[in-house]
Amino acid sequence: MTDFIETVSSRTSENAAQNHYVPAEKPFSTFIRKGATVRIEDTYGQQAIDTLFYNARDFSERYSSQDTVRAQGAAYISTGTKIMSSEGRVMLTVTADSCGRHDTSAGACSCESNTVRFGHGTKYLHACRDNFVAEVARYGMGKRDVVSNINLFMNVPISPNGGMTIVDGISSPGDYVELVAEMDVLLVISNCPQINNPCNGFDPTPIRVLVWNGED
């Protein structure tokens, strides 16, 4: 455990290969090389960060929530979770998590789901699915390439009967998740713009993404 703590503490924003600030409500993407560590930081706390991964060399291989849940035998993502692809391969491994619970079942908000859940007056509000579609279009992908995603820092308790509820987030300012890439991946994020449920504390905020290459 001591060696692990020293490894994490030696990483700083100054020696990061990438250091990105993602504004509230906006999409983001970047490539991460095999062996690199990516840290996704909930800078202000209680901010859902909708996240997808694609094989950087073949976008048809992408994150699979079903395979990830099945491989772990657990409904939530945390330290030790293997992020699995649609081809049954490990894409990344979660190596550090200061929050402790991340959802991969509730999916991304959309204009359509907002309308169903919160009324027709919310139809034209921005949503994560819009962010995802706009961002993957930069790489020649479309709506069909946006699959079920990870909701980092989103608190979604699952009841014994299988019911899910989005409730107040449990993340604090500066909480983060670190993942090591097991293949070259494309990371795509929607910094969730939702203001109708408590996943963002009704106040979307900026986040930060840092990447350290494997030799750092």
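Definitions and limits used
- Residues numbered from 1 in each chain as written.
- Predicted model: local features only at pLDDT ≥ 70, side-chain atom pairs only at ≥ 80, totals over all residues.
- Heavy atoms only, no water.
- Helix = DSSP H or I, 4+ residues; strand = E, 2+ residues; numbered from the N terminus.
- Buried < 20%, exposed > 50% of the residue type's maximum accessible area, 1.4 Å probe, protein only.
- Areas by Shrake-Rupley, 256 points an atom, 1.4 Å probe, with all protein chains shown as cover.
- Pairing = 2+ DSSP bridges.
- Axes fitted to C-alpha atoms, helices over the stretch in contact; angles between N-to-C directions.
- Arc of directions from axis to C-beta.
- Contact = heavy atoms within 4.5 Å.
- Core = buried A, V, L, I, M, F, W, Y, C linked by side-chain atoms within 4.5 Å.

A. Focus on the overall build of the protein chain. Per the secondary structure count, the protein chain includes four helices and 13 strands. Scored against the burial criterion, the 216 residues of the protein chain give a buried share of 49%. In the structure as shown, the protein chain presents an accessible area of about 9,900 Å², 50% of it carried by carbon and sulfur atoms.

B. Main features of the pairing of strand β3 (residues 37-42). Of all six residues that make up β3, six are buried, and the element is covered over most of its length. In β3, alternate side chains face the same way, and those of T37, R39 and E41 on one face and V38, I40 and D42 on the other are all buried. Taken together, the six bridges between β3 and strand β11 (residues 175-181) define a ladder with antiparallel strand orientation. Along β11, the bridge assignment pairs E41 with Y176. As judged from the five bridges shared by β3 and strand β13 (residues 207-212), these two strands associate in the antiparallel manner. Following the sheet pairing, V38 is matched in β13 by V211.

C. Structural context of the sheet that holds β13. Here we have six strands laid out as an open sheet, ordered β1-β13-β3-β11-β8-β7, and antiparallel in their pairing. Edge positions in the sheet fall to β1 (18-22) and β7 (82-84), since each has one partner strand and no second. Adjacent strand axes in the sheet meet at a mean angle of 20°, parallel and antiparallel pairs treated alike.

D. Representation of helix α2 (residues 65-72) in the model. Every buried residue belonging to α2 is among S65, D67 and T68, and all of these are buried. All buried residues of α2 fall inside an arc of 165° around its axis, so they share one side. Along α2, the residues that are exposed and aim more than 90 degrees away from the buried face are Q66 and R70. Those residues of α2 that are buried are in contact with β6 (76-77) and β7.

E. Region of interest: the side chain of S64. Structurally, S64 can be placed in the loop between β5 (58-62) and α2. For S64, a relative accessible area of 7% puts it in the buried group.

F. Geometry of the nonpolar core. Core analysis: the largest hydrophobic core is formed by 37 residues, its most contacted members being V38, F53, I83, L92, L179 and L187. Looking at this core, the element that brings in the most residues is strand β12 (residues 185-191), giving five residues. For L92, the residues in contact, after removing those within four places along its chain, are V38, F53, T81, K82, I83, L179, V180, A181, E182 and V185. Of all hydrophobic cores here, the second largest spans eight residues; its members include C109, A127, C128 and C199.

That is the geometry; function is a separate question.
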